[in-house]
Amino acid sequence: MGTALIYDEEMTSYKLLWDDPECEVEVPERLTVSYEALVRSGLADHCVSIPVREATEEEILLIHSEEYLEKVKKTPHMSVQELKDFALQFNAVYFHPNSYHCAKLAVGAALQLVDHVLMGKVRNGMALVRPPGHHSMRDAACGFCTFNNVAIAAQYAKQKYGLKRVLIVDWDIHHGQGVQYCFEDDPSVLYFSWHRYEHSIFWPHLPESDYDAVGKDKGVGFNINVPWNKVGMTNSDFLSVFCHVLLPVAYEFCPELVLVSAGYDSGIGDPEGEMCATPDIFAHLTHLLMNLAGGKVCAVLEGGYNLTSLSQSVCQTVQTLLGDPNPRPENLRSPCQSALESIHCVRWAHRRYWSCLGHAADLSSFQISTKPSGSPKEAGESTWKDKVAVVWPEPVKRVAPPVRTAALLSDEAVCPEGCKRLATSDKLDPRVAGKLRENFLEGEGDSEALSALSGLITLTEKMEKDEILNGLAVVRDITMATACVVQHVTMAPNNRVLVVCVGDGEAPSNITEDRKALVVRIGSRETKQSKCKNDIPVCLKKGCADVSGVIQAVFGLLLPLGYEFDPSLVLLVRMPGSEVSDGVWQQLTGLLQCLAQGHVLVLIQECEKSCVSPTACSLLGEPAPPLGQLQAPLPQDVEDMERLRRKLLADWTLLQTTAADTG
Ligand SMILES: CC(O)(O)CCCCCNCCCN
Ligand SMILES: [Zn+2]
């Protein structure tokens, strides 16, 4: 199934007709540069092009009032002066004789995308639209927005397809208060937004944009606001919020559809956001959402005003939707104190509503930075032209290797659909053979074992050379196979391997202190006190059969560790007898492809070969099936994981979830 791209240059046919410093950034070129970048990069050709359509009045009335619609319907016939006067009744908007037409196309584009995804014609997709939507309200335009494209799409999806749970992820740098107002009492729509706030001195200065606006009545808990109280937030801040706030909640919620209010003014160089996250981060944010809702992800453009940053970020998003491997995240470091405060506050505010946040530390542990008395930035606010030009490196080219998934299997085993069987006939370098015999086979002449190990070496080398993206191997002795891969990979100077062992069993023997290998073991009990700090055992009372326990460990520990460790290879090992369900296993296999440019090698013990085909599906880029709404993790497990997290904080900064953590 493909990735939809919805774009029509008709939506560039309106613009600001008078001088207005607060609206001048919203130019038609925003759409043309984004689309042209997709065409130039060849990404548009790999997408399924879907035509736009005008939304009907009935669809607009899903969210907006008749009075408001009747007012907007009059704008095509207005003079410039009348348009100007009409706009004055709203906050930071402008109108043009064509803006009503374009606003209907923007809504229609979002609905076309939702239809094609929910009817299974495409897997996911992106709609490049303007005007944006997330600020507009039932009775009012606001912040360049006329109709609330994403809010209408959510309502439309519920009504037409009977969806019970829709997740809206708003990564635009402004708070989509319009969306919040629509759904704050609605438990079927979980709205997540981060936004520049600076304790309300940033536009639109609303108290209800703060972290304590958690929803109302039946909707308490289903509105999550992460305020950025400083500018300059980085990739590390963004990933920390996804791992420690959004994703655990999103998996507990288990949405049937993910709508993204994809605004790129949160990216570096944007005059509105003034943040520092680089365009490649949107590849990771997108990837981390793609195993939710069975992969049904609809991204709808909101803001983004630096044309270079915008077009690069749009390309990063679409390339990930298409399944191409993610770039390795550049030099991640500790989230900043202000971001940690925000994470701490929002986790605390939601601790009663989401069991995954039940243990969130209370706020007494540190003094929240006081709200500065500073007056809103309006006074003498520098316009975007005064802002210093920001530069950043062009995102690295992301090339998909010629072979996506290779399989190392015994001769009689059937090769899963879509995988390429690895020919072990390749002559093994006699020196390597000698080392393997000496290190792993105690010299015994077991040619079968030798050919299996040499096959693993070949697999690993083909990944390093980007001849294949990822692979799976069915082996007889999984501990030996793991040790063999670890040893081979860590021989090269700047290689690092993240070993994820699922189920109980011995960690590989040759893990050294040199941080070239990091082992995270998720199992039911401490096999033995982990001897070195690069071997991290995560213990769950019920072992890997505990879905919410594993998911808690993945987002709270494994992914932050993995991002900070930044491996060149991920080795995912399914220990024999691990009761991990295929669903959880596929989630893991899918999510871990966000690391190491997607170079994931999965090891499966001969006796477990029933999980070969689900593993192959995930390695081939199929979204993992939804896990269902998650139960609460066991309190004992939560406490153990919290204790482990605090112990690891000294070495791993992305594990922090509160400002006090840097104690
Ligand atoms: C879609 C979007 O969220 O990017 C729209 C942002 C509107 C910003 C209005 N700024 C007003 C500044 C007032 N001094
Ligand atoms: Zn914005």
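Residues numbered from 1 in each chain as written. Chains lettered and ligands numbered in written order. Predicted model: local features only at pLDDT ≥ 70, side-chain atom pairs only at ≥ 80, totals over all residues. Heavy atoms only, no water.

**Brief notes about unusual backbone geometry**
Okay, so step 1: Following Arg-130, the chain continues to Pro-131 via a peptide bond in cis, the omega torsion being 5°.
Okay, so step 2: Topologically, Pro-131 is positioned in the loop between strand 3 (124–127) and helix 7 (149–161).
Okay, so step 3: Going from Trp-203 to Pro-204, the amide bond is cis rather than trans, its omega being 5°.
Okay, so step 4: Within the chain, Asp-217 stands out as a residue other than glycine whose phi angle is a positive 50°.
Okay, so step 5: By secondary structure assignment, the location of Asp-217 is in the loop between strand 5 (189–196) and strand 6 (223–228). (Helix = DSSP H or I, 4+ residues; strand = E, 2+ residues; numbered from the N terminus.)

**Examining the sheet that holds strand 12 (residues 497–502)**
Okay, so step 1: Spatially, eight strands are ordered 10-9-11-16-15-12-13-14 in an open sheet, and the strand pairing comes out parallel. Whereas interior strands pair on both sides, the edge strands pair on one side only; in this sheet they are strand 10 (420–421) and strand 14 (535–539).
Okay, so step 2: Bridge count between strand 12 and strand 15 (residues 569–574): six bridges; the pairing is parallel. Considered in strand 15, the bridge of Val-500 is made with Leu-572.
Okay, so step 3: This element, helix 15 (residues 478–491), spans strand 11 (468–475), strand 12, strand 13 (517–523), strand 15 and strand 16 (600–605) of the sheet and lies at about 175° to strand 15.
Okay, so step 4: Contacting strand 12, strand 15 and strand 16, helix 17 (residues 582–591) crosses the sheet at an angle of about 170° to strand 15. (Pairing = 2+ DSSP bridges. Contact = heavy atoms within 4.5 Å. Axes fitted to C-alpha atoms, helices over the stretch in contact; angles between N-to-C directions.)

**Considering the coordination of the zinc ion (ligand 2)**
Okay, so step 1: Protein coordination of the zinc ion (ligand 2) is provided by Asp-172 (OD), Asp-172 (OD), His-174 (ND1) and Asp-265 (OD), with donor distances spanning 1.9 to 2.7 Å.
Okay, so step 2: Taken together, the six donor atoms surrounding the zinc ion (ligand 2) define angles of 54 to 158° at the centre, an arrangement classified as irregular.
Okay, so step 3: Here the donor residues of the zinc ion (ligand 2) are spaced in sequence according to D-x1-H-x90-D. One end of the pair, Asp-172, is in the loop between strand 4 (166–170) and helix 8 (177–183); the other, Asp-265, is in the loop between strand 7 (257–262) and helix 10 (281–289), and 93 residues separate them in sequence. (Donors = N, O, S within 2.8 Å, 3.2 Å for Na, K, Ca; no water. Tetrahedral: all angles 85-135°; square planar, octahedral: opposite > 155°, others 65-115°.)

**Points about the sheet that holds strand 5**
Okay, so step 1: What the eight strands build is an open sheet, ordered 2-1-3-8-7-4-5-6; its pairing is parallel. Every interior strand has two partners, whereas the edge strands, strand 2 (48–50) and strand 6, have only one. Strand-to-strand twist of the sheet, defined as the mean angle between neighbouring strand axes without regard to direction, takes the value 15°.
Okay, so step 2: The sheet contact formed by strand 1 (residues 3–6) and strand 3 spans four bridges and is parallel. Looking at strand 3, one finds that Ile-6 is bridged to Ala-127.
Okay, so step 3: Relative to the sheet, helix 11 (residues 307–321) contacts strand 1, strand 3 and strand 8 (297–301), its axis offset from that of strand 3 by approximately 160°.

**Quick notes on the domain arrangement of the protein**
Okay, so step 1: Domain annotation for the protein reports domain 1 (2–371) and domain 2 (403–631).
Okay, so step 2: Using C-alpha coordinates to define each centre, domain 1 is positioned 36 Å away from domain 2.
Okay, so step 3: Buried area between domain 1 and domain 2, summed over both chains or domains, comes out near 2500 Å², and the portion from carbon and sulfur atoms is 58%.
Okay, so step 4: If you sort the residues of domain 1 by the area they bury against domain 2, Tyr-251, Asn-291 and Arg-328 come out on top, with a joint share of 29%.
Okay, so step 5: Counting across the domain 1 and domain 2 interface gives two salt bridges.
Okay, so step 6: Asp-566 is paired through a salt bridge with Arg-328; the nearest N and O atoms lie 2.9 Å apart. (Domains from an automatic or database assignment. Buried area = accessible area lost by both parts, 1.4 Å probe. Salt bridge = Lys/Arg side-chain N within 4 Å of Asp/Glu carboxyl O.)

**Some remarks on the nonpolar core**
Okay, so step 1: Counting residues in each nonpolar core, the largest one holds 185 residues, and the members touching the most others are Phe-147, Trp-171, Trp-194, Phe-242, Leu-259 and Leu-289.
Okay, so step 2: In terms of residue count, helix 6 (residues 99–118) provides more of this core than any other element does, 13 residues in total. (Core = buried A, V, L, I, M, F, W, Y, C linked by side-chain atoms within 4.5 Å. Buried < 20%, exposed > 50% of the residue type's maximum accessible area, 1.4 Å probe, protein only.)

**Notes on the pairing of strand 16**
Okay, so step 1: Here strand 16 lies mainly inside the structure; six of its six residues are buried.
Okay, so step 2: Burial along strand 16 is two-sided: the face carrying Val-600, Val-602 and Ile-604 and the face carrying Leu-601, Leu-603 and Gln-605 are both buried.
Okay, so step 3: As paired strands, strand 11 and strand 16 are joined by five bridges and run parallel to one another. Pairing of Ala-473 across the sheet is with Leu-603, part of strand 16.
Okay, so step 4: Bridge count between strand 15 and strand 16: five bridges; the pairing is parallel. Each bridged residue has a counterpart across the sheet, and for Val-573 the counterpart in strand 16 is Leu-603.
Okay, so step 5: As a crossover connection, the stretch from strand 15 through helix 17 into strand 16 is right-handed. (Right-handed = clockwise from strand over helix to strand, strands pointing away.)

**Considerations on the state of the cysteines**
What makes a disulfide is a covalent bond joining the sulfur atoms belonging to two cysteines.
Okay, so step 1: For the coordinates displayed, the defined rule picks out zero disulfides.
Okay, so step 2: We note that Cys-23 lacks a disulfide partner, and the nearest cysteine sulfur, in Cys-142, lies 10 Å from it.
Okay, so step 3: Residue classification places Cys-23 among the buried residues on the basis of a relative accessible area of 0%.
Okay, so step 4: This cysteine, Cys-594, is not joined by any disulfide, and Cys-243 carries the nearest cysteine sulfur, 7.9 Å off.
Okay, so step 5: Under the relative-accessibility criterion, Cys-594 is labelled buried at 0%. (Disulfide = S-S within 2.5 Å.)

**Details of the pattern of salt bridges**
Okay, so step 1: Under the counting rule described, the total for this entry stands at 24 salt bridges.
Okay, so step 2: Lys-158 is paired through a salt bridge with Asp-186; the nearest N and O atoms lie 2.6 Å apart. On the criterion of sequence distance, the pair formed by Lys-158 in helix 7 and Asp-186 in the loop between helix 8 and strand 5 is long-range, its members being 28 residues apart.
Okay, so step 3: According to the relative accessible area criterion, Asp-186 is buried, its value standing at 13%.
Okay, so step 4: Between Arg-643 and Asp-640 there is a salt bridge whose closest N-O contact spans 3.3 Å. Within this pair, Arg-643 and its partner Asp-640 are both found in helix 19 (residues 635–648), separated by three residues, close to a single helical turn.

**Structural notes on helix 12 (residues 337–349)**
Okay, so step 1: Helix length check: helix 12, at 13 residues, gives a terminal C-alpha distance of 18 Å against a target of 18 Å (1.5 Å per residue), a fit within 8%.
Okay, so step 2: The element helix 12 is extensively covered by neighbouring structure, given that 11 of its 13 residues are classed as buried.
Okay, so step 3: Within the sequence span of helix 12, burial applies to Ser-338, Ala-339, Leu-340, Glu-341, Ser-342, Ile-343, His-344, Cys-345, Val-346, Arg-347 and Ala-349.
Okay, so step 4: In this structure, the buried side of helix 12 is in contact with strand 6 and helix 9 (235–253). (Expected span 1.5 Å × (residues − 1).)

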